[in-house]
Amino acid sequence: MNLVIGPLVMLIGIGAGITAIVLTIVLGAAGFLALFIPAALALAGGAFVLRGARRSRLQIDADGFTWCGFLGAERSVRWEQLHQLLPPPSGTSRTVAIAELRDRSRIEVRALWESPTSPGSLLGDADHSTAQNALLAAHREWLSGRR
């Protein structure tokens, strides 16, 4: 969804910039150049949303899994470090799973690519079952290959 919203906000910013130029030329009033302020804000905001949406991911490979949210650093867990995957606690709509490591520390695998104000989050718990099942299947596959 954010892959669509970001460019649309940027398009609005471009439209506001063009409107500022046209109104300044046609009406001869330099006051319309003040529209460049919201135009610049729309361009920057749209670029921010688009960047965040493009970097947000959960990637599963043979070595482990890596996830990165809208903001924040990329995190990863290697299968050798993982003891088990636990279901998320109830009421946490953005947590996909809890990764319990061999040293008994726990890491939340958070699906930050879904906004806490998105309609899906506001109407109830988000459905992350696809990502949960993919993580569990990949971990089971890795475990079966180790035996």
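Use the structure listed above.
Residues numbered from 1 in each chain as written. Predicted model: local features only at pLDDT ≥ 70, side-chain atom pairs only at ≥ 80, totals over all residues. Heavy atoms only, no water.

Student: Which residues make up the side chain of H139, and what values go with them?
Tutor: With respect to the element layout, H139 can be found in helix α4 (residues 129-146). For H139, a relative accessible area of 7% translates into the label buried. What H139 contacts, discounting residues up to four positions off in sequence, is W79, L82, H83, Q84 and L85. (Helix = DSSP H or I, 4+ residues; strand = E, 2+ residues; numbered from the N terminus. Buried < 20%, exposed > 50% of the residue type's maximum accessible area, 1.4 Å probe, protein only. Contact = heavy atoms within 4.5 Å.)

Student: Can you break down the packing of helix α1 (residues 2-27) against helix α2 (residues 36-55) residue by residue, with the values?
Tutor: Contact geometry of α1 with α2 gives a least axis separation of 7 Å together with a crossing angle of 165°. As the angle between them shows, α1 and α2 are arranged roughly antiparallel. As for the relative orientation of α1 and α2, their crossing is left-handed in sense. Residue-level inspection shows N2, L3, G6, P7, V9, M10, G13, I14, A16, G17, A20 and I21 of α1 in contact with α2, the latter providing F36, A39, A42, L43, G46, A47, V49, L50, A53 and R54. When the residues that make up the contact of α1 with α2 are grouped by side-chain class, the tally is 16 nonpolar, five polar and one charged. (Axes fitted to C-alpha atoms, helices over the stretch in contact; angles between N-to-C directions. Parallel < 35°, antiparallel > 145°, perpendicular 65-115°, else oblique. Left-handed = near helix turned anticlockwise from the far one by under 90°. Nonpolar A, V, L, I, M, F, W, Y, C, P; charged D, E, K, R; others polar.)

Student: So, the pattern of salt bridges: which residues are in play, and what are the values?
Tutor: Inspection of every chain in the model, using the stated rule, returns four salt bridges. Between E100 and R104 there is a salt bridge; the shortest N-O distance is 3.2 Å. Relative accessible area serves as the criterion here: at 7%, E100 is assigned to the buried category. Salt bridges sharing partners connect three or more residues here, namely E100, R104 and R106. (Salt bridge = Lys/Arg side-chain N within 4 Å of Asp/Glu carboxyl O.)

Student: Summarise the environment of A47; cite the residues concerned and give the values.
Tutor: Note on placement: A47 falls in helix α2. Under the relative-accessibility criterion, A47 is labelled partly exposed at 35%. Separated by 40 residues in the primary sequence, A47 and P7 place their C-alpha atoms 7.3 Å from one another.

Student: Residue-level account of the packing of aromatic side chains, with values.
Tutor: Scanning the entire structure with this criterion turns up two aromatic pairs. Here the aromatic rings of F65 and W67 are separated by 5.6 Å at their centres, their planes lie at 25°, and the arrangement is stacked. Summarising the burial analysis for this pair, F65 and W67 share the class buried. Here the aromatic rings of F65 and W79 are separated by 5.5 Å at their centres, their planes lie at 50°, and the arrangement is tilted. Here F65, found in strand β2 (residues 64-68), pairs with W79, found in the loop between β3 (75-78) and β4 (82-86); they are 14 residues apart in sequence, far enough to count as distant. Grouping residues by exposure puts F65 and W79 together as buried. (Phe/Tyr/Trp six-rings, centres within 6.5 Å; stacked < 30°, edge-to-face > 60°.)

Read these as layout, nothing more, since geometry by itself doesn't imply function.
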